[in-house]
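Observations on the three-dimensional arrangement
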Amino acid sequence: MTHHQVSVKSRWQECLTFSATGDDVSKVISARKWADSPAAFNLRKWENCIMKLKNLTRTLIVVLLAGLVSFGPAVMAVGITVKPSMMDGWNFQLGHLLSGTSTATGGFSLGPGSPPLGAGSVHFTTGLDGNSYAQIRNSDYNGQLLSSLTALSYDTYVAAHHGSVAPYIVLNVDVNGDGVFDPNGGIDDLIFFEPSYQTGQYVPTIPAGQTIPVQNGPVHLSEDATTPTVVTQGVWQHWDALIGGWWSGNYGGQGGPPLTLLSGYLSTLAGLGYSTPRIINADDCLGGVRIISGAGAPVWNDFDGNVDNFTIGINLSDTTYDFEFENLPIAECGVPPQGSGCTVTIGFWKNHAGFTGHNPDLITSLLPISLGSGGGKTIVVTTAAQAVALLGFKGSNGVFDASNGINKLYAQLLAAKLSIAGGADGSAVTATIAAADAFLATKNSGDWKSLSKSQKQAVLGWMSTLESYNSGLIGPGHCDQ
Ligand SMILES: [Ca+2]
Ligand SMILES: [Ca+2]
């Protein structure tokens, strides 16, 4: 590890020679707040310095993730695995640009291919309507100065797209630093780093004269032959947003280019008297650091892609997020993950099947699930849509009837099995499930009216026990508690 530390020190010495202020890291960092004293600091040299440090930082992260502890005196690097049971400040959000019905999905998947870290990644699809969007947002960076960013990078994989789009980064910016986020008031802002614009071909810039580096070049024609691009389908690509081209929602962008470097953006804002723009959350669930796909038909129609290896550095303290698949439902913001062993009700599952505007599909990854112990009239649930129908008392014949006890048993049994598949302890209902499954192997919704009184009581008894389990009265407890 010693040579890493030496390397860090030597790189720091390089940076320090560019510093007008002195001999330790904190002074260099404070010097980067160049907007406060621009005459005292050479920004371009600082950026070159940071770029060199970034390469070293990446090396340190790899070492750290390999299980070896190696901290230099200045650069700190931490690796965090993000998965349903440990979201670590991240939340998914699905929606639609024009407040329509979202066809997007967001979650974790294995692969595709060999992700840059681990075995899995965040998976986004937009569906038929490319104005839909799926994003994952982190709320741990609220209040951080944009000028304190010393790393910002990630990897994308595009399985299907039109033209050249790939998952992009959005930062919520509190331009006037008043702690209130008001992008629609014309002062606060959203800024966008989009891989599709990293071709080096977008001129002029704002302010004029900036050089936006080509990333993942050379520029080539997109797979559908419509667009000069650096985004390539079917491979993992690394993007460095810290040195890349951004566009601003309120300060010169046109829903896309003209582009600016982050340093140029800070310069633009400083020229307007805003010297301390900060990252800001929209609320606790809607973090100010965002990775998103969609929100722009038609180029985002039918998009399918992934994100992994997101690194954000604040004052040379880097955090790298490794997104990983886990066969567990993804918690809503503020709700404990079901992977902790809790249960949820049929209503929760109906609203987390991918058909409501803002919630991800938590069901499909838990299927197939059998209602019945096999053969005969056993139902095998293989799709989220089929699950929603059964959870909604439509029974084996697809006809809504909440007075049919077997329909109600299907709903409670399926909800219980989904919770158990998601990690909840099912021992409190093992016997109930076995009895219900044996019964449902030979009976379905059409048999309800012909059942004997004792058979109906048995069905309603199983249903009631499973309802108690799903609502947390028995078993491991409901996830809201
Ligand atoms: Ca503000
Ligand atoms: Ca990963």
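Higher on the page you've got the structure.
Here is a short report on the structure shown in this document. (Residues numbered from 1 in each chain as written. Chains lettered and ligands numbered in written order. Predicted model: local features only at pLDDT ≥ 70, side-chain atom pairs only at ≥ 80, totals over all residues.)

Examining the environment of Ile-191
Under the convention used in this document: Helix and strand definitions here come from DSSP, where helices need a minimum of 4 consecutive H or I residues and strands a minimum of 2 consecutive E residues; each element is numbered from the N-terminal end. In this scheme every C-beta is placed from the backbone, and a residue whose C-beta has 20 or more other C-beta atoms within 10 Å is buried, one with 12 or fewer is exposed, and one in between is partly exposed. Whether two residues are in contact is decided by their C-beta atoms, placed from the backbone, lying within 7 Å.
Counting through the fold element by element, Ile-191 comes out in strand 8 (residues 189-193). Using a count of 23 C-beta atoms within 10 Å as the deciding quantity, one classes Ile-191 as buried. Residues Ile-191 and Asn-172, spaced 19 residues apart in sequence, show a C-alpha to C-alpha distance of 6.8 Å. Apart from the residues lying within four places of it in its own chain, the contact partners of Ile-191 are Leu-171, Val-173, Trp-246, Ser-248, Gly-249 and Tyr-265.

Remarks on helix 4 (residues 262-271)
By the burial criterion, the buried members of helix 4 are Leu-262, Ser-263, Gly-264, Tyr-265, Leu-266 and Leu-269. Gly-273 sits one or two positions beyond helix 4 and adopts a positive phi of about 95°.

Re unusual backbone geometry
Cis geometry is found at the peptide bond from Gly-217 to Pro-218, where omega equals 5°. Note that Pro-218 resides in the loop between strand 8 and strand 9 (220-221). The omega torsion of the bond from Leu-367 to Pro-368 falls at 5°, within 30 degrees of zero and hence cis. By secondary structure assignment, the location of Pro-368 is in the loop between helix 5 (346-350) and strand 17 (369-371). At Ser-99, a residue that is not glycine, the phi angle is positive and equals roughly 60°. For Ser-99, the position within the fold is in the loop between strand 2 (90-96) and strand 3 (105-110).

Overview of the nonpolar core
Put simply, the rule is: A set of buried residues qualifies as a nonpolar core if it consists of Ala, Val, Leu, Ile, Met, Phe, Trp, Tyr and Cys joined through C-beta atoms within 7 Å. Boundaries between domains were set according to an automatic or database domain assignment.
In this structure, Trp-349, Ala-387, Leu-391, Leu-413 and Leu-414 are the most contacted members of the largest nonpolar core, which totals 106 residues. Here this core takes 10 residues from helix 7 (residues 405-421), the largest share from any one element. Residue-level mapping places this core at the junction of two domains, with at least three residues from each of domain 1 (75-323) and domain 2 (344-470). Beyond its immediate sequence surroundings of up to four residues, Leu-413 is in contact with Leu-371, Ile-433, Ala-436 and Leu-466.

Take it as geometry only, folks, not as evidence of what the structure does.
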